[in-house]
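Each chain, letter by letter, is given below.
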Amino acid sequence: MNASTTQSILEQLAQGSLSVAEAESYVQVNEKSSLHGLKVGFSWLLLMVFFSVGVFLVYHAWQVTKSQASENANIRKTNGTVAQMVRKTTGRRLWAPVVTYQVDGKSYSFESEVASSPPAYTVGEQVVVTYDPSQPQKASIKSFWINWLPLLFFGGLGGTLVVVSLLGISALSRKRAYLEPALVRQTLVLVSTGSISVQEGMARLQVDKPATSETKSGGWGWRIVIGGLLITVIYF
């Protein structure tokens, strides 16, 4: 119910045109309607999905980090040279370096799995190559982004979803009915007896204030849910 309608009802109550019971039936907002329950249930479902996905991604990032740490314990380093830049056709014009290097006098080459636009390397550029001594043909360019991108991506997205879901759960947990029945009745009685003015009654009912309990918790809850969806879409 909007502020002008509520003000009209309170004015009629103050003038004696409406009884407290009649005014209460008009003013009271039933927050336990099926639509409200559906919205709250849907919010809880989305937030629990965000939380579960976030925990899974954080766990996956931790597993990837452990695996990389185990692999890094056995890797060796050598110098390599960018022999050419290969263009990838994946919807965008991305360039990946082909690197040549030597291990024990034997030459090897590989194409980097990481491509970029504009190209991150130039032909003839010297790079540091990491390889497995037991399988020297398996190598990669030593790079912060290549080594830590999985952790930053999965860990960053997972951590963000966990924080978003926890904020949303906290907001929904604090949510109460917009107009509590006891507060409504008490306010209507005070207005009908002239103990408080109509404007004071509206202030008690929080009709004309955007920062009510419902908008603080429920509104923020929905903003958090929508924000989580946007974050997920942007990352993927």
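These numbers were taken from a predicted model, which means no experiment stands behind them.

Novice: I'm lost on the packing of helix α1 (residues 3–15) against helix α5 (residues 181–192) in this one. Help?
Specialist: For any two helices packed against each other, one specifies the inter-axial angle together with the distance between the axes. It is at 7 Å that the axes of α1 and α5 come closest, and there the two elements cross at 50 degrees. The angle between α1 and α5 places the two elements in the oblique class. When α1 is examined against α5, the residues L10, L13 and A14 are found in contact with a partner set consisting of L188, V191 and S192. Among the residues making up the contact of α1 with α5, the classes are represented as five nonpolar, one polar and no charged.

Novice: Quick question: what am I supposed to make of the environment of V163 here?
Specialist: Relative to the helices and strands, V163 is located in helix α4 (residues 144–174). Taking relative accessible area as the criterion, V163 reaches 45% and is therefore assigned partly exposed.

Novice: Help me understand the sheet that holds strand β1 (residues 76–89) in this model?
Specialist: To summarise the sheet geometry, strands pair through backbone hydrogen bonds and adopt either a parallel or an antiparallel arrangement. Strand order across the open sheet formed by five strands is β3-β2-β1-β4-β5, with antiparallel pairing between neighbours. Looking at the sheet topology across the chains shown, the edges are occupied by β3 (106–111) and β5 (135–141). For this sheet the average axis-to-axis angle between neighbouring strands, irrespective of direction, equals 40 degrees. Relative to strand β4 (residues 126–132), β1 runs antiparallel, the two being bridged by six bridges. For T78, the partnering residue across the bridge sits in β4 and is V129.

Novice: It is not clear to me how the nonpolar core should be interpreted in this structure. Could you clarify?
Specialist: Soluble globular proteins tend to bury their nonpolar side chains together. Of all hydrophobic cores here, the largest spans 14 residues; its most connected members are L10, L13, A23, L188, V191 and M202. Of all the secondary structure elements, the ones that give two or more residues to this core are α1, α2 (20–27), α5 and α6 (198–205). When residues in this core are grouped by element, the largest group, four residues, is from α1. Here L13 is in contact with L18, S19, V20, A23, L188, V191 and S192, once residues within four sequence places are set aside. Among the nonpolar cores identified, the runner-up in size contains 13 residues, and V82, Y108, Y121 and V127 belong to it.

Novice: What should I look at first to understand α5 in this one?
Specialist: Given 3.6 residues to a turn, an α-helix orients residues that are three or four positions apart in the same direction. Across its 12 residues, α5 extends 16 Å between first and last C-alpha, which sits within 8% of the 16 Å expected from 1.5 Å per residue. Along α5, the positions that sit buried rather than exposed are V184, T187, L188 and V191. The arc enclosing the buried residues of α5, seen along the axis, measures out at 100 degrees, which places them on a common side. Positive phi shows up at G194, right after α5, with a value of about 80 degrees.

Novice: How should unusual backbone geometry be read in this particular structure?
Specialist: Only a minority of non-glycine residues have a phi that is not negative, and only a minority of peptide bonds are not trans. The omega angle of the peptide bond from S117 to P118 is 0 degrees, so this bond is cis rather than trans. One non-glycine residue, D104, lies in positive phi territory at about 55 degrees. Assignment of secondary structure puts D104 in the loop between β2 (93–103) and β3. The class for D104 is exposed, based on a relative accessible area of 81%.

Novice: Help me understand the pairing of β4, please; the structure alone is not making it clear to me.
Specialist: Within a regular beta strand, the side chains point alternately toward one face of the sheet and then the other, so they alternate between its two faces. In this structure, β4 lies alongside β5, joined through four bridges in antiparallel fashion. For Y131, the partnering residue across the bridge sits in β5 and is A139. Taking the residues between adjacent antiparallel strands as the criterion, β4 and β5 are bridged by two residues.

Cut-offs and rules
- Residues numbered from 1 in each chain as written.
- Predicted model: local features only at pLDDT ≥ 70, side-chain atom pairs only at ≥ 80, totals over all residues.
- Heavy atoms only, no water.
- Axes fitted to C-alpha atoms, helices over the stretch in contact; angles between N-to-C directions.
- Helix = DSSP H or I, 4+ residues; strand = E, 2+ residues; numbered from the N terminus.
- Parallel < 35°, antiparallel > 145°, perpendicular 65-115°, else oblique.
- Contact = heavy atoms within 4.5 Å.
- Nonpolar A, V, L, I, M, F, W, Y, C, P; charged D, E, K, R; others polar.
- Buried < 20%, exposed > 50% of the residue type's maximum accessible area, 1.4 Å probe, protein only.
- Pairing = 2+ DSSP bridges.
- Core = buried A, V, L, I, M, F, W, Y, C linked by side-chain atoms within 4.5 Å.
- Expected span 1.5 Å × (residues − 1).
- Arc of directions from axis to C-beta.

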